[in-house]
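Residue-level structure breakdown
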Amino acid sequence: MELEPEPDLHELLRTLRVWAPEVTALPAFEPDAAPAGPLALFTTWFAQAVAAGQPEPHTMSLATSDAEGRPDVRTVMLHGADADGWSFASHSGSRKGRHLAARPYAALHFYWPALGRQIRLRGPVESAPSPEAQADLHARSTGALAAALTGRQSEVLGSLGELADASQAAWERAQREPDAPAPTWTLYRLRPAEVEFFQGDAQRRHVRLNYRRTDAGSGWLKELLWP
């Protein structure tokens, strides 16, 4: 059997485009008209991403660091955003959970290429009370509960068969007990110190609006950044 040649990574990269007009619309962004705080603008941009057909706009990159300051990043799902912060969830014993216990500070990043937009947040992270975390979990799907009940996130896995057995047992329990507790399941909230809104521009005159929390902690300063 003749093997196919390996692809040339650099050649593939040269064939790709960013924000091809047939799949991307680059709307105008007037930062002078932006609201006083970032939450309202985030909500508007999120709704526009959904309306534009952006796949999975509620997924975001979460960056944390371990006790030695070594960074890590992964994709997680947004559970909500309000005056208390942007929320996501995980097991307290997972890698991200251990990182946040050692260094409770993180960054979030949304990328919505359908509109050429990014949103970046960074700030301290706190854990919500356990009853709130369990309520958040039980408001989600049976699959989400089964995954939480499977547990052992980030631990070394012996085999895919072991995972299949544990997952099947968790699914059966989740269907049998829709309110089953997952004690290590934790709802985290990032309370941003900074939120940046990035609107791409075809001529690379990208508009970057940054919100910085004031020293008093109750208001925001708005500033433009060079692209």
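Rules of the game
- Residues numbered from 1 in each chain as written.
- Predicted model: local features only at pLDDT ≥ 70, side-chain atom pairs only at ≥ 80, totals over all residues.
- Heavy atoms only, no water.
- Phe/Tyr/Trp six-rings, centres within 6.5 Å; stacked < 30°, edge-to-face > 60°.
- Lys NZ or Arg CZ within 6 Å of the ring centre and 35° of its normal.
- Salt bridge = Lys/Arg side-chain N within 4 Å of Asp/Glu carboxyl O.
- Helix = DSSP H or I, 4+ residues; strand = E, 2+ residues; numbered from the N terminus.
- Buried < 20%, exposed > 50% of the residue type's maximum accessible area, 1.4 Å probe, protein only.
- Patch = residues over 30% accessible without salt bridge, like charges linked within 9 Å, V, L, I, M, F, W, Y side chains within 5 Å.
- Areas by Shrake-Rupley, 256 points an atom, 1.4 Å probe, with all protein chains shown as cover.
- Arc of directions from axis to C-beta.
- Contact = heavy atoms within 4.5 Å.
- Polar contact = N/O pair within 3.5 Å; in protein donor to acceptor, adjacent residues only side chain to side chain.

1. Notes on the packing of aromatic side chains
Evaluation of the coordinates by the stated rule reveals twelve aromatic pairs. Above the ring of Trp-45, the side-chain terminus of Arg-117 is found at 4.0 Å from the ring centroid.

2. Some points on the pattern of salt bridges
According to the stated counting rule, one finds 14 salt bridges in the structure shown. Put simply, Arg-189 and Glu-132 hold a salt bridge, and the shortest N to O gap is 2.1 Å. With Arg-189 in strand 7 (residues 185–190) and Glu-132 in helix 4 (residues 130–138), the pair connects residues that are 57 residues apart, well separated along the chain. Given the relative accessible area of 17%, Arg-189 is considered buried. One network of salt bridges, with partners in common, ties together Asp-66, Glu-68 and Arg-70.

3. Considering a nonpolar patch on the surface
Taken together, the side chains of Leu-9, Leu-13 and Leu-16 make up a nonpolar region of the molecular surface, amounting to roughly 340 Å² of accessible area. Relative to the helices and strands, Leu-13 resides in helix 1 (residues 9–15).

4. Here's the deal with helix 3 (residues 95–102)
Restricting attention to buried positions, one finds in helix 3 the residues Lys-96, Gly-97, His-99 and Leu-100. Projected down its long axis, helix 3 carries its buried residues within an arc of 160°, all on one side. Those residues of helix 3 that are buried are in contact with strand 1 (59–65), strand 2 (71–77), strand 4 (85–91), strand 5 (105–112), strand 6 (117–127) and strand 7.

5. Topic: the environment of Lys-96
Residue position: Lys-96 is located in helix 3. Using a relative accessible area of 9% as the deciding quantity, one classes Lys-96 as buried. Counting along the chain gives 36 residues from Lys-96 to Glu-132, while the straight-line C-alpha distance between them is 19 Å. Lys-96 has contacts with Leu-62, Arg-74, Val-76, Ser-90 and Gln-153, leaving out every residue within four places of it along the chain. For Lys-96, the side chain forms a polar contact with the side chain of Ser-90, separated by 3.2 Å.

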